[in-house]
Amino acid sequence: MLISTKGRYALRVMIDLAEHQDSERTPLKEIAERQEISQKYIEAIMTLLSKSGLVDAVHGKGGGYMLNRKPEDYKIGEILRLTEGSLSPVACLEAGAAECPRKDNCRTLPLWTKLDELVEGYLDSVSLADLMKS
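Right, let's walk through the structure included here.

Criteria and thresholds
- Residues numbered from 1 in each chain as written.
- Predicted model: local features only at pLDDT ≥ 70, side-chain atom pairs only at ≥ 80, totals over all residues.
- Heavy atoms only, no water.
- Axes fitted to C-alpha atoms, helices over the stretch in contact; angles between N-to-C directions.
- Helix = DSSP H or I, 4+ residues; strand = E, 2+ residues; numbered from the N terminus.
- Parallel < 35°, antiparallel > 145°, perpendicular 65-115°, else oblique.
- Left-handed = near helix turned anticlockwise from the far one by under 90°.
- Contact = heavy atoms within 4.5 Å.
- Nonpolar A, V, L, I, M, F, W, Y, C, P; charged D, E, K, R; others polar.
- Core = buried A, V, L, I, M, F, W, Y, C linked by side-chain atoms within 4.5 Å.
- Buried < 20%, exposed > 50% of the residue type's maximum accessible area, 1.4 Å probe, protein only.
- Pairing = 2+ DSSP bridges.
- Lys, Arg positive; Asp, Glu negative; His and termini not counted.
- Salt bridge = Lys/Arg side-chain N within 4 Å of Asp/Glu carboxyl O.
- Arc of directions from axis to C-beta.

1. Examining the packing of helix 1 (residues 5-19) against helix 4 (residues 76-84)
Then, number 1: Contact geometry of helix 1 with helix 4 gives a least axis separation of 9 Å together with a crossing angle of 135°. Regarding the angle of helix 1 to helix 4, the classification is oblique. Seen from above, helix 1 lies across helix 4 with right-handed handedness. Between helix 1 and helix 4, the residues in contact are Lys6, Gly7, Ala10, Leu11 and Met14 and Ile76, Ile79, Leu80, Thr83 and Glu84, respectively.
Then, number 2: When the residues that make up the contact of helix 1 with helix 4 are grouped by side-chain class, the tally is six nonpolar, two polar and two charged.

2. Here we look at the nonpolar core
Then, number 1: Formed by 28 residues in total, the largest nonpolar core has its most connected members in Met14 and Met46.
Then, number 2: For this core, the element with the highest residue contribution is helix 1, accounting for eight residues.
Then, number 3: Look past the residues within four positions of Met46 in its chain and what remains in contact with it is Val13, Leu17, Leu28, Val55 and Tyr65.

3. Examining the pairing of strand 2 (residues 64-67)
Then, number 1: By the bridge criterion, four bridges tie strand 1 (residues 55-58) to strand 2 in an arrangement that is antiparallel. Along strand 2, the bridge assignment pairs Val55 with Leu67.
Then, number 2: Between the antiparallel neighbours strand 1 and strand 2 lie five residues, among them Gly60 with a positive phi of about 95°.

4. Observations concerning the packing of helix 1 against helix 2 (residues 28-35)
Then, number 1: As a packed pair, helix 1 and helix 2 sit with axes 10 Å apart at the nearest point and diverge in direction by 115°. Classified by the angle between their axes, helix 1 and helix 2 sit roughly perpendicular to one another. The chirality of how helix 1 crosses helix 2 is right-handed. Contacts between helix 1 and helix 2 involve Arg12, Val13, Asp16 and Leu17 from the former and Ile31, Arg34 and Gln35 from the latter.

5. Examining the side chain of Asp116
Then, number 1: Residue position: Asp116 is located in helix 5 (residues 109-123).
Then, number 2: For the buried residue Asp116, which engages in no salt bridge, the nearest side chain bearing the opposite charge is Arg81, 7.8 Å off.
Then, number 3: Once residues within four sequence positions are removed from consideration, Asp116 is found in contact with Leu87, Ser88, Pro89 and Leu93.

6. Here we look at helix 2
Then, number 1: Along helix 2, the residues that are buried comprise Leu28, Ile31, Ala32 and Gln35. Take helix 2 and look down its axis: the buried residues cluster within an arc of 100°, on one side only.
Then, number 2: Of the surrounding secondary structure, the elements contacted by the buried residues of helix 2 are helix 1, helix 3 (39-51) and strand 2.
Then, number 3: Glu36 sits one or two residues past helix 2 and shows a positive phi near 55°.

Function cannot be read off these values alone, since they describe shape.
So this is what it looks like as structure tokens:
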């Protein structure tokens, strides 16, 4: 599994918002400057996070972004599944995948299933609040 730049940046942006939640809304430009990520790239990430209901967005003068939950209520797995689409180690374990015709005879399927459970379980056990402590 390789996490894309989008996934890594989404985590950085969410941690940034969590660390600056004392202000009403954080302008996109401020996040981009603090995280040293282009404003255009962050716009795409913020649109995804906003449309998925992970952040609240207000456009226009005085606008910006803010978390709509406490940092401990955001699980890293939730954010990465949104940005990555899937965290499964093999295609046959992805949500909505067609059943593999070799499923009953696949000697590696138990390995991939266990790895998938471990990764998902771990990422769903870590919150934004946990990363803020790092």
